[in-house]
Amino acid sequence: MAPKISKETDIRNPKLTLRTYQPEDLQAVNALFSSTTYALVLEGVRAKLWAPMTWILWFAGYTGLMILIPNTIFGWDDRENTWPEYFLRLFISAAWAAIGFMMVFLKTERYDVREMIEEGRENDLSDPEVYYLNYEQDQDGKRVRKPASEQLPSHFWVLLVDGQICGMAALAMNSERVMSKRAPLGTPLQEVGAFICRRLGLPVFSFLKPKLSYKVFGEETGDKLAVLQRLAIDNDYQNCGLSTLLINRVMSWASEHGIEEVLATTTEVNMAAEQILTKRHDFKIIEKEKTWLGNYHALLVCNVKEWMEKHNDQAKKFYKRV
């Protein structure tokens, strides 16, 4: 879990520090990323419960159970309703409602949100210095900065309240397409089948193994386009305007380094971030995709020059006040 408010924290006059990521921040950054992402599970559940296909599948299963179970127990002949059958149908309704919600919750928590966390941990958050701050390892295994000609103005910031990391944001730029290091996952049925095989001491059959995945983690951006990533505020400090502080720094940095547009992506679990970006910071949705089961993906863009013309004075006042 991310660090919580300590007794030493001055609630009335906290000290805010916004600085570049350092190697010793790795554990706290990953903890912050995990805790803030897991907190979005219910938002993902809500999105799936609003999806029409979720209810179509639930009612299809409910109808089948209401026909099959009572008729199997009490017979398929025409009969009058009895109290035992009435209570059985009531039990089926309650049980199927609970099972349906549990299935949606587990799908969101175990396969959507957890996959987001593990993908981040195994890619950029495994070593933010290398991914964002232009570091690499030389032939002797020492960490050194890339040659100036190979450096891109990507960056990673952490926000501290009285010395404790409570927020972060990153600006990613890639000179070429970056493939995900995350091992491919199988379908839920493949996962269950593989688990049973391992429990029984049997080899995992080939059809239970996931197919090789060549998932793209980051597209080539060049030197005029960047991607806003890893925007997160600790759950204890949300709704305090700290996300604005981070976004202001990201956009100011982009302007200082000649970046013309900043992209961002959102899914069904972080609609709050989408609202902040579109309503407060003039990001525009240019692509949007939504599935019948409630999964959602949007691509947003913001013109840096236009943002600076509108928000630069406000950003300077904000920094001065902090």
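Just so we're clear, the structure is a prediction, and the values are computed from it rather than from any experiment.

Parameters and conventions
- Residues numbered from 1 in each chain as written.
- Predicted model: local features only at pLDDT ≥ 70, side-chain atom pairs only at ≥ 80, totals over all residues.
- Heavy atoms only, no water.
- Pairing = 2+ DSSP bridges.
- Helix = DSSP H or I, 4+ residues; strand = E, 2+ residues; numbered from the N terminus.
- Axes fitted to C-alpha atoms, helices over the stretch in contact; angles between N-to-C directions.
- Contact = heavy atoms within 4.5 Å.
- Buried < 20%, exposed > 50% of the residue type's maximum accessible area, 1.4 Å probe, protein only.
- Phe/Tyr/Trp six-rings, centres within 6.5 Å; stacked < 30°, edge-to-face > 60°.
- Lys NZ or Arg CZ within 6 Å of the ring centre and 35° of its normal.

Colleague: I'd like a rundown of the sheet that holds strand 10 (residues 284-290), residues and numbers included.
Modeller: Judged by pairing direction, the sheet is mixed, and its seven strands sit side by side in the order 1-4-5-8-9-11-10 without closing on themselves. Looking at which strands have only one partner, the edges of the open sheet turn out to be strand 1 (16-20) and strand 10. The mean angle between the axes of side-by-side strands here comes to 20 degrees, regardless of whether they run parallel or antiparallel. Where strand 5 (residues 164-172) meets strand 8 (residues 225-233), five bridges bridge the pair, whose relative direction is antiparallel. Each bridged residue has a counterpart across the sheet, and for Ala 172 the counterpart in strand 8 is Val 227. Sheet strands in contact with helix 1 (residues 26-38) are strand 4 (155-161), strand 5 and strand 8, and its direction is about 90 degrees off that of strand 5.

Colleague: Let's hear about the pairing of strand 4: which residues, and what values?
Modeller: Of all the seven residues making up strand 4, seven are buried; the element is thus mostly covered by neighbouring parts of the structure. With seven bridges joining them, strand 4 and strand 5 adopt antiparallel strand pairing. Within strand 5, the residue paired with Val 158 across the bridge is Met 168. Linkage of strand 4 to strand 5, two consecutive antiparallel strands, is achieved through a turn of two residues, within which Asp 162 is found at a positive phi near 50 degrees.

Colleague: Quick rundown of the packing of aromatic side chains? Include the residues and the values.
Modeller: Under the defined criterion, the tally for this structure stands at twelve aromatic pairs. Considering the side-chain rings of Trp 58 and Phe 59, the 5.0 Å spacing of their centres and the 85 degrees angle between planes classify their relative orientation as edge-to-face. Measuring from ring centre to ring centre gives 5.7 Å for Tyr 131 and Phe 217, while their planes differ by 75 degrees; the resulting arrangement is edge-to-face. A residue pair is termed long-range when its members are at least 10 positions apart, and Tyr 131 in helix 5 (residues 128-132) and Phe 217 in strand 7 (residues 216-218) qualify at 86 residues. For Tyr 131, a relative accessible area of 16% puts it in the buried group. In this structure Phe 217 comes out as buried when scored by relative accessible area, which is 16%. Over the aromatic face of Tyr 135 sits the side chain of Arg 145, whose NZ or CZ is 5.1 Å from the ring centroid.

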